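Structural overview for review
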Amino acid sequence: MRIGSPLPHKKARIEIIPLIDIMFFLLASFMMASLTMIRMQSIKMDLPTATAATRDFKPDIINIAVDKLGDVYIEKQRVTLAELHVYLSNKYRLNTNVPVYISGDKDATHGAVIRVLDLVRREGIQKVSFAITPQQTKE
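I will try to describe carefully the structure that is included in this document. (Residues numbered from 1 in each chain as written. Predicted model: local features only at pLDDT ≥ 70, side-chain atom pairs only at ≥ 80, totals over all residues. Heavy atoms only, no water.)

**Regarding the overall build of the chain**
Broken down by element type, the chain carries 3 helices and 5 strands. Taken from the N to the C terminus, the helices and strands of the chain come in the order α-β-β-β-α-β-α-β. Taken across its 139 residues, the chain has 20% of its residues classed as buried. A sequence separation of at least 24 residues applies to 72% of the contacts in the chain between residues at least 6 apart. Of the roughly 12100 Å² of accessible surface on the chain, 61% is carried by carbon and sulfur atoms. (Helix = DSSP H or I, 4+ residues; strand = E, 2+ residues; numbered from the N terminus. Buried < 20%, exposed > 50% of the residue type's maximum accessible area, 1.4 Å probe, protein only. Contact = heavy atoms within 4.5 Å. Areas by Shrake-Rupley, 256 points an atom, 1.4 Å probe, with all protein chains shown as cover.)

**Structural notes on the packing of helix H2 (residues 81–94) against helix H3 (residues 110–122)**
Running from amino to carboxyl end, H2 crosses H3 at an angle of 35°, the nearest separation of the two axes being 10 Å. The element H2 and its partner H3 pack so that their crossing is right-handed. For the pair H2 and H3, the contacting residues are Leu81, Leu84, His85 and Leu88 in the first and Arg115, Val116, Leu119 and Val120 in the second. For the contact of H2 with H3, the per-class residue count stands at 6 nonpolar, 1 polar and 1 charged. (Axes fitted to C-alpha atoms, helices over the stretch in contact; angles between N-to-C directions. Left-handed = near helix turned anticlockwise from the far one by under 90°. Nonpolar A, V, L, I, M, F, W, Y, C, P; charged D, E, K, R; others polar.)

**Focus: the nonpolar core**
Considering soluble globular proteins, one finds that nonpolar side chains tend to be buried as a cluster. Residues Ile64, Leu84, Leu88, Val100, Val116 and Val120 are the most contacted members of the largest nonpolar core, which totals 18 residues. Among the secondary structure elements, those contributing two or more residues to this core are strand E1 (62–66), strand E2 (72–74), H2, strand E4 (100–104) and H3. Not counting residues up to four positions away in its chain, the partners in contact with Val116 are Ile64, Val66, Val72, Leu84 and Ile102. (Core = buried A, V, L, I, M, F, W, Y, C linked by side-chain atoms within 4.5 Å.)

**Observations concerning the pairing of E4**
Successive side chains on a regular strand alternate, one facing one side of the sheet and the next facing the other. The pairing of E1 with E4 spans 5 bridges and is parallel. When the bridges of E4 are listed, Ile64 appears paired with Ile102. Bridging between E4 and strand E5 (residues 128–130) involves 3 bridges; their strand directions are parallel. By the bridge assignment for E5, Val100 is matched with Val128. (Pairing = 2+ DSSP bridges.)

**Considering the pairing of E1**
A large share of E1 lies buried, amounting to 4 of its 5 residues. By the bridge criterion, 3 bridges tie E1 to E2 in an arrangement that is antiparallel. Bridge assignment links Ile64 to a residue of E2, and that residue is Ile74. If you look at the hairpin formed by E1 and E2, you'll find 5 residues sitting between the two strands, and Gly70 has a positive phi there, around 95°.

**What about the pattern of salt bridges?**
Overall, the coordinates contain 3 salt bridges when judged by the stated rule. As a salt-bridge pair, Glu15 and Arg13 come within 2.9 Å of each other at their nearest N and O atoms. A residue is classified by how much of its surface remains accessible, and Arg13, at 65% relative accessible area, is exposed. As a salt-bridge pair, Asp118 and Arg122 come within 3.3 Å of each other at their nearest N and O atoms. Taken as a pair, Asp118 and Arg122 lie in helix H3 at a separation of 4 residues, close to a single helical turn. The class for Arg122 is exposed, based on a relative accessible area of 59%. (Salt bridge = Lys/Arg side-chain N within 4 Å of Asp/Glu carboxyl O.)

**As for the sheet that holds strand E3 (residues 77–79)**
The strand order E3-E2-E1-E4-E5 describes an open sheet built from 5 strands, whose pairing is mixed. For this open sheet the edge positions go to E3 and E5, each flanked by a neighbour on one side alone. Going across the sheet, the axis of each strand differs from the next one's by a mean of 30°, ignoring polarity. The pairing of E2 with E3 spans 3 bridges and is antiparallel. Counted as the bridge partner of Tyr73 is Arg78 from E3.

As structure tokens, this is what we get:
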């Protein structure tokens, strides 16, 4: 014979909504903590240069150079970023398949080269490569 308890018998169950709240809180906490740990610094590095590269100067190729001060040159003529924008949009209208070579000075900052690359890509030009010069050997 089974005797009933005066207290109602409840089955144990796991509440998932408080667990979701805790997980979102932990996610937000870790994201905020990781944002405070990021330190934006730059380091100088000498990247290796190619030894068997040749430049290809064709008339339909746009050669863009960035010097160590961040100045931009098209075919050895200094231009501003606005002038580069106009030049690239005109060339892209004439030929949607125009290739662009970007060459940077050895001491040029990464940001200056990426700024030019971003401008080229915003114009819709897909054929973008970096021109390299052969390393001079000392004998």
